[in-house]
Amino acid sequence: MSDILSGIRVVEIAAWTFVPAAGAVLADWGADVIKIEHPETGDPQRGLISSGVVSGAGGVNHFVEQPNRGKRSVAIDTRTPDGLELLLKIVETADVFLTNLLPDSRERMGIDVDQIRARNPKIIYARGHGYGTKGELAAQGGFDLAAYWARGGIGDAYSLGDGSYPAIQRPAFGDVYGGLSIAAGIAGALLKRERTGEPSVVDVSLLNAAIWQLGPDIVGAGITGQDIPKFNLEEMPNPVASMYKTKDGRFVAFVLLQADRFWSDFCTRLGRTDLIDDARYANAAVRFGNRADCIAELRKTFESEGLAHWEQAFAGFEGVWDVMHTAHEVHSDPQAIENGYLPRATNTSGIEFALAASPVQFDETPLDLERAPEHGEHTDALLAELGFSEEEIIEFKINSVVL
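Described in the following lines is the structure provided in the data block. Predicted, not measured: the structure shown is a model, and the values here were computed from it.

### Examining the pattern of salt bridges
Working step 1: On inspection of all chains with the given rule, the structure shows 28 salt bridges.
Working step 2: One salt bridge in this structure joins Arg 69 and Asp 28, with 2.7 Å as the shortest N-O distance. Here Arg 69 is found in the loop between helix H2 (62-68) and strand S3 (72-75), whereas its partner Asp 28 is found in helix H1 (residues 18-28), with 41 residues between them in sequence.
Working step 3: When its relative accessible area of 0% is taken as the criterion, Asp 28 is described as buried.

### What about the sheet that holds strand S4 (residues 96-99)?
Working step 1: The 6 strands are arranged S3-S2-S1-S4-S5-S6 in an open sheet whose pairing can be described as parallel. Two strands close off the open sheet at either side, each with one partner strand: S3 and strand S6 (201-205). Within this sheet the neighbouring strands show an average axis-to-axis angle of 20°, counted without direction.
Working step 2: Bridge count between S4 and strand S5 (residues 124-129): 4 bridges; the pairing is parallel. The partner of Thr 99 across the bridge, within S5, is Arg 127.
Working step 3: Relative to S6, helix H9 (residues 206-213) is tilted by about 70°, and along the sheet it contacts S5 and S6.

### Observations concerning the nonpolar core
Working step 1: Val 10, Leu 26, Leu 98, Tyr 148, Ile 182 and Ile 186 are the most contacted members of the largest nonpolar core, which totals 36 residues.
Working step 2: Residue assignment for this core shows that the elements contributing at least two residues are H1, S4, S5, helix H6 (144-150), helix H8 (173-196), S6 and H9.
Working step 3: In this view, Leu 98 contacts Val 10, Val 11, Glu 12, Ile 13, Val 19, Ala 22, Gly 23, Ala 126, Ile 182 and Ile 186; residues no more than four positions away in its chain are not counted.
Working step 4: Phe 254, Tyr 281, Ile 295 and Trp 321 belong to the second-largest nonpolar core, a separate cluster that totals 26 residues.

### Description of the pairing of S4
Working step 1: Residues Val 96 and Leu 98 of S4 are buried on one face, and the alternating residues Phe 97 and Thr 99, pointing to the opposite face, are buried as well.
Working step 2: With 4 bridges connecting them, strand S1 (residues 9-13) and S4 associate as parallel partners. Residue Glu 12 lies in a different strand from S4, and its bridge partner there is Leu 98.

### Some thoughts on the side chain of Asp 43
Working step 1: Looking at the secondary structure, you find Asp 43 in the loop between strand S2 (32-37) and H2.
Working step 2: Contact partners of Asp 43, with chain neighbours within four places excluded, come to Ala 14, Ala 15, Trp 16, Pro 20, Lys 35, Glu 37 and Asn 68.

### Quick look at the packing of H9 against helix H10 (residues 215-224)
Working step 1: Where H9 contacts H10, the axes come no closer than 5 Å and their chain directions differ by 80°. As far as their axial angle goes, H10 and H9 are roughly perpendicular. Seen from H9, the contacting residues are Ile 211, Trp 212 and Gln 213; seen from H10, they are Gly 215, Pro 216 and Ile 218.
Working step 2: In terms of residue class, the contact of H9 with H10 is made up of 4 nonpolar, 2 polar and no charged.

### Points about helix H11 (residues 259-270)
Working step 1: Where H11 is concerned, the buried positions are Ala 259, Phe 262, Trp 263, Phe 266, Cys 267 and Leu 270. The buried residues of H11 occupy an angular sector of 140° when the element is viewed end-on, so they sit on one face.
Working step 2: Immediately downstream of H11, the backbone of Gly 271 shows phi near 80°, a positive value.

### As for the side chain of Ser 200
Working step 1: Note on placement: Ser 200 falls in the loop between H8 and S6.
Working step 2: In this view, Ser 200 contacts Arg 117, Ile 123, Ile 124, Tyr 125, Ala 189 and Lys 192; residues no more than four positions away in its chain are not counted.

Definitions and limits used
- Residues numbered from 1 in each chain as written.
- Predicted model: local features only at pLDDT ≥ 70, side-chain atom pairs only at ≥ 80, totals over all residues.
- Heavy atoms only, no water.
- Salt bridge = Lys/Arg side-chain N within 4 Å of Asp/Glu carboxyl O.
- Helix = DSSP H or I, 4+ residues; strand = E, 2+ residues; numbered from the N terminus.
- Buried < 20%, exposed > 50% of the residue type's maximum accessible area, 1.4 Å probe, protein only.
- Pairing = 2+ DSSP bridges.
- Axes fitted to C-alpha atoms, helices over the stretch in contact; angles between N-to-C directions.
- Contact = heavy atoms within 4.5 Å.
- Core = buried A, V, L, I, M, F, W, Y, C linked by side-chain atoms within 4.5 Å.
- Parallel < 35°, antiparallel > 145°, perpendicular 65-115°, else oblique.
- Nonpolar A, V, L, I, M, F, W, Y, C, P; charged D, E, K, R; others polar.
- Arc of directions from axis to C-beta.

So, in structure tokens, the structure goes:
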């Protein structure tokens, strides 16, 4: 872990991935993130593998590990007066309160902004939403498939536009991006508090995250009055800013935005020097006018050889290009390994596995991550830190206040 946020304590009351992902990033940066879970149920994401909703293998619950690594888990029944008081005592020691609970739940539990600030006036209060703090959907929950992928326009942007079913998003696709945004907002709020002494309320919604990520399309649509045309690989405006299929079914992406600068070398490596001065393709303007024919020619050539041939042919090419990898192939990518983008952790069963590092490194130092906590693993230790005796902790357990 980094030490950038060393000494910062975060209290997290959140489930699933969106907001817990923010806590994971803060833990990556060195914060002490205390995940509050119910003594009996815990974060419902813990049960996804055992319930068969998602596949699991090798004794590692990756849906828990990825958004909860490096945290401490404290199991408290906050519905009881003693449990709520324990939570508020932890809040008194914290810098940040992080939650994805809906407004009525926060108010009913006694942990809304004013209630938390009554115990800790300087605490930063961070909330993750589906749809924002205002409007008729402010009190409605939202997973990323609905609020981010569907309503935010991401799914439509990746649809064919012909009435067929759109692509379904990958698991937690908007959640992890939204969580990173929350962490960034908290970092900014911490800086403001250091400089002015004033705490902030930080809000991030999945809908807003989608609007930001799809910004060029959405802003363009507002200016032109119509949706931005979807990419059509058969008629890309720049034939060398596209993807091509190889003989063995792999795909190679080229991003030659300064197309004329690279065209001669590109064609030479392709073994198609005849295309360099072809009147139909000799410069970007004529390639645009003849783009469908140009793409067809390039496709025919790429499909004549396998990926290994093209990797060798374009080795050392100055233009930007790369091979489309699968998620499994990323694990053996030397660039990802060398930069520490897949740090390894070991769970309580002694099983080692890779985690996806959050995408910020400080001082060129890769993250060294710890596993996610077991349910309620740190309850006793944290209560002891708060000054409770062993007898008092046992009494809390007898009364089912803590796990």
